[in-house]
Amino acid sequence: MLRLIGQYVDVDEVEVKRQLVYTFNAVVADRWREARVLLAGDAAHMTPQFIGRGMNAGVRDADNLSWKLEAILRHGADPVILDSFETERRPHAKAMIDLSVFNKALVSVKNPARAKARDLALTTGLHTPGVGGWLRRAGMKPKPRLKKGGYVGLPRGLRGVEGSLFPQPMVRQYDGRPVRFDDAVGIGWTVIGIGVDPRERLAAGLDTRQSVGATFVTAFAPGTRPQGAIGDGRRRSGLVDLEDTTGELTHWLRKAGVREGAVVVLRPDKYVFGIARHDASELTGAPVDQLGLPAASTSSVAEAS
């Protein structure tokens, strides 16, 4: 150790009080659920600090698990949905751990020649159009996209975004205030009509959907929201009226093939449950079926909120 720090200080003038060899853990539990016992956060997976995403993973776990527990305890959903907690979260948590271990290997190169080659490669990449931006925004970071066949939601097609995290753009409320999308819609299930009132597309069981607290939203593209005074018939009770002021949401929807008139349903953790581009009938019963809600529940998306 003295030989190492001697490159920077006079070792005769330094007294080493303590030294520690850091040992990190990069592990994932064999299973995350056993009957009524569930593991989350560091109990389920441990991420080395080399990309600093360990706490983020724990927050994602809590977000994923909490709404499913609520569906069971408050609305009588089938406890089997808790099995989806691991199938949804394990792939992303493991991928983030693998990236952290890779980053550790990248920064811990001991061979001087290999270290110089690494530095040259990274410097070249940072100055290469396209590649530089990808590196700076950590484009290699695993995307929060749930694995096909292992999530609560409608199946994802070729261009589909089902099982993907919904964007968090800046939007403008009816009163003109700019807010983040999540702050505007709050917690719970969210039903978004693109340029339309989603309640008109999902009319069956509307009273029940409203009673359990789903948030209904009409989202307008930049500059397309109708103007008018409060009370002109457009601002309806129970509807959140939002305008995409930056174009970020509109761009995301366009890439997903979602056009005006469509309805997008978000789970409470803001992952896309499903999209009705034309026929909304599939969205009325799918949440009830997938969550195993009691037969007394009406066939509506919001009952699982």
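Computed from a predicted structure; not experimentally measured.

Visitor: A description of the pairing of strand β7 (residues 190-194) should follow, citing residues and the corresponding values.
Guide: Here β7 lies mainly inside the structure; five of its five residues are buried. Taken together, the five bridges between β7 and strand β8 (residues 215-220) define a ladder with parallel strand orientation. By the bridge assignment for β8, I192 is matched with V217.

Visitor: Report on the pairing of strand β9 (residues 239-244), specifying residues and quantitative values.
Guide: In regular strands, side chains alternate between the two faces of the sheet. The buried count for β9 comes to five of six residues, which makes it a mostly enclosed element. Pairing analysis gives two bridges linking strand β5 (residues 170-172) to β9, with the strands arranged antiparallel. Within β9, the position partnered with R172 by the bridge is E243. Sheet analysis places β8 next to β9, joined by five bridges and oriented parallel. The residue bridging V217 from the neighbouring strand is V240, located in β9.

Visitor: Please provide a residue-by-residue account of helix α2 (residues 54-75), values included.
Guide: An ideal rise of 1.5 Å per residue puts 32 Å on 22 residues; α2 measures up with 32 Å between its terminal C-alpha atoms. Buried-residue contacts for α2 involve β3 (37-38), β4 (45-46), α3 (83-107) and α10 (281-291).

Visitor: For the pattern of salt bridges, give the residues involved together with the corresponding values.
Guide: This structure, assessed with the given rule, holds 14 salt bridges. Residue R118 pairs with D119 through a salt bridge whose shortest N-O separation is 3.0 Å. Each of the salt bridges in this network shares a partner with another, and the network as a whole consists of K68, E88, R267 and D269.

Visitor: How would you sum up a positive patch on the surface? Please name residues and give values.
Guide: A cluster of basic residues, R159, R254, R259 and R277, forms a positive patch at the surface. With respect to the element layout, R259 can be found in the loop between α9 (248-255) and β10 (263-266).

Reading the values: rules and limits
- Residues numbered from 1 in each chain as written.
- Predicted model: local features only at pLDDT ≥ 70, side-chain atom pairs only at ≥ 80, totals over all residues.
- Heavy atoms only, no water.
- Buried < 20%, exposed > 50% of the residue type's maximum accessible area, 1.4 Å probe, protein only.
- Helix = DSSP H or I, 4+ residues; strand = E, 2+ residues; numbered from the N terminus.
- Pairing = 2+ DSSP bridges.
- Expected span 1.5 Å × (residues − 1).
- Contact = heavy atoms within 4.5 Å.
- Salt bridge = Lys/Arg side-chain N within 4 Å of Asp/Glu carboxyl O.
- Patch = residues over 30% accessible without salt bridge, like charges linked within 9 Å, V, L, I, M, F, W, Y side chains within 5 Å.
- Areas by Shrake-Rupley, 256 points an atom, 1.4 Å probe, with all protein chains shown as cover.
- Lys, Arg positive; Asp, Glu negative; His and termini not counted.
- Charge placed at Lys NZ, Arg CZ, Asp CG, Glu CD.

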